[in-house]
Amino acid sequence: MKIEGEIAFDNLNSRKISIADHILVGVKLFIENFTTNIDLSFAKSIEGNPNIIIQLKKVIEFDFHYDEDTYYIEDYKIFYNNESNEFYLSLDPDYMIIEKSQNDCGIIKAKGISVITTN
């Protein structure tokens, strides 16, 4: 099932669809029609097939650190800014601050978002 835009955001924000307690198993960064896009694939286990894919379109900014360890998502932050029409996703958030924080890591800001579930 694929959902887009506000509905995708609402489902991630309400945790109806959640990437918490998942492992990031794939990152695809690509340029299409002069815009940068990122697809993130998540699975429940490192051996498992992805069951959630988040597609971020028209990426404005990304700040992503990865080492050779497994990228386990304990929790995440997601916001939508109506004024700038931007989605904000942090895969490694500062838990002490509920809002956006300078200490959030694994950040992607984009103009569009979709979620694909493969359950």
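Each remark here, short or long, concerns the structure printed above.
The rules behind each value
- Residues numbered from 1 in each chain as written.
- Predicted model: local features only at pLDDT ≥ 70, side-chain atom pairs only at ≥ 80, totals over all residues.
- Heavy atoms only, no water.
- Helix = DSSP H or I, 4+ residues; strand = E, 2+ residues; numbered from the N terminus.
- Pairing = 2+ DSSP bridges.
- Polar contact = N/O pair within 3.5 Å; in protein donor to acceptor, adjacent residues only side chain to side chain.
- Contact = heavy atoms within 4.5 Å.
- Salt bridge = Lys/Arg side-chain N within 4 Å of Asp/Glu carboxyl O.
- Buried < 20%, exposed > 50% of the residue type's maximum accessible area, 1.4 Å probe, protein only.
- Phe/Tyr/Trp six-rings, centres within 6.5 Å; stacked < 30°, edge-to-face > 60°.
- Lys NZ or Arg CZ within 6 Å of the ring centre and 35° of its normal.
- 1 Å grid on protein atoms, 1.4 Å probe; cavity = no way out; pocket = protein on both sides within 12 Å on 5 of 7 lines; lining within 4 Å.
- Points joined across faces, edges and corners; volume = space filled by probe spheres on them.
- Nonpolar A, V, L, I, M, F, W, Y, C, P; charged D, E, K, R; others polar.

Time to look at unusual backbone geometry. A positive phi angle, near 65°, is found at Phe 34, a position not held by glycine. Looking at the element boundaries, Phe 34 is found in the loop between strand E2 (22–32) and strand E3 (35–43). At Lys 58, a residue that is not glycine, the phi angle is positive and equals roughly 55°. You can see Lys 58 is positioned in strand E4 (residues 52–63).

With that settled, consider the pairing of strand E8 (residues 105–117). Consecutive residues of a regular strand have side chains that alternate between opposite faces of the sheet. In terms of strand pairing, strand E1 (residues 2–4) meets E8 through 3 bridges, oriented antiparallel. Among the inter-strand pairings, Ile 3 is bridged to a residue of E8, identified as Val 115. In terms of strand pairing, E4 meets E8 through 10 bridges, oriented antiparallel. The partner of Val 59 across the bridge, within E8, is Ala 110. Examined bridge by bridge, strand E7 (residues 86–92) and E8 share 5 bridges and lie antiparallel to one another. The residue bridging Leu 89 from the neighbouring strand is Ile 108, located in E8.

Moving on, we come to the side chain of Ser 101. Along the polypeptide, Ser 101 turns up in the loop between E7 and E8. Polar contacts involving the side chain of Ser 101 include one to the main-chain amide nitrogen of Asn 103, which spans 3.0 Å. Among residues more than four places away in sequence, those in contact with Ser 101 are Lys 77, Tyr 88 and Asp 94.

Attention shifts here to the pattern of salt bridges. The final tally for this structure, using the stated rule, is 4 salt bridges. Of the charged contacts in the structure, one is a salt bridge between Lys 77 and Asp 104, with a shortest N-O distance of 2.9 Å. With Lys 77 in strand E6 (residues 77–81) and Asp 104 in the loop between E7 and E8, this pair connects stretches of sequence that are 27 residues apart. Take Lys 77 and Asp 104: they sit in the same class, and that class is buried.

What follows deals with the packing of aromatic side chains. Scanning the entire structure with this criterion turns up 5 aromatic pairs. Through pairs of rings, three or more aromatic residues link up here, namely Phe 9, Tyr 80 and Phe 87. Directly above the aromatic system of Tyr 76 lies the positively charged group of Arg 15, at a separation of 3.8 Å from the ring centroid. Its guanidinium or amino end placed over the ring of Phe 30, Lys 28 lies 4.8 Å from that ring's centre, counting from NZ or CZ.

What follows deals with the layout of surface pockets. Here the largest pocket defines a volume of roughly 250 Å³. In this structure, the largest pocket is lined by 15 residues; those nearest its centre are His 65, Tyr 71, Tyr 72, Leu 91 and Asp 92. Mapped by element, the contributors of at least two residues to the lining of the largest pocket are strand E5 (71–73), E7 and E8. Broken down by class, the residue content of the lining of the largest pocket amounts to 7 nonpolar, 3 polar and 5 charged.

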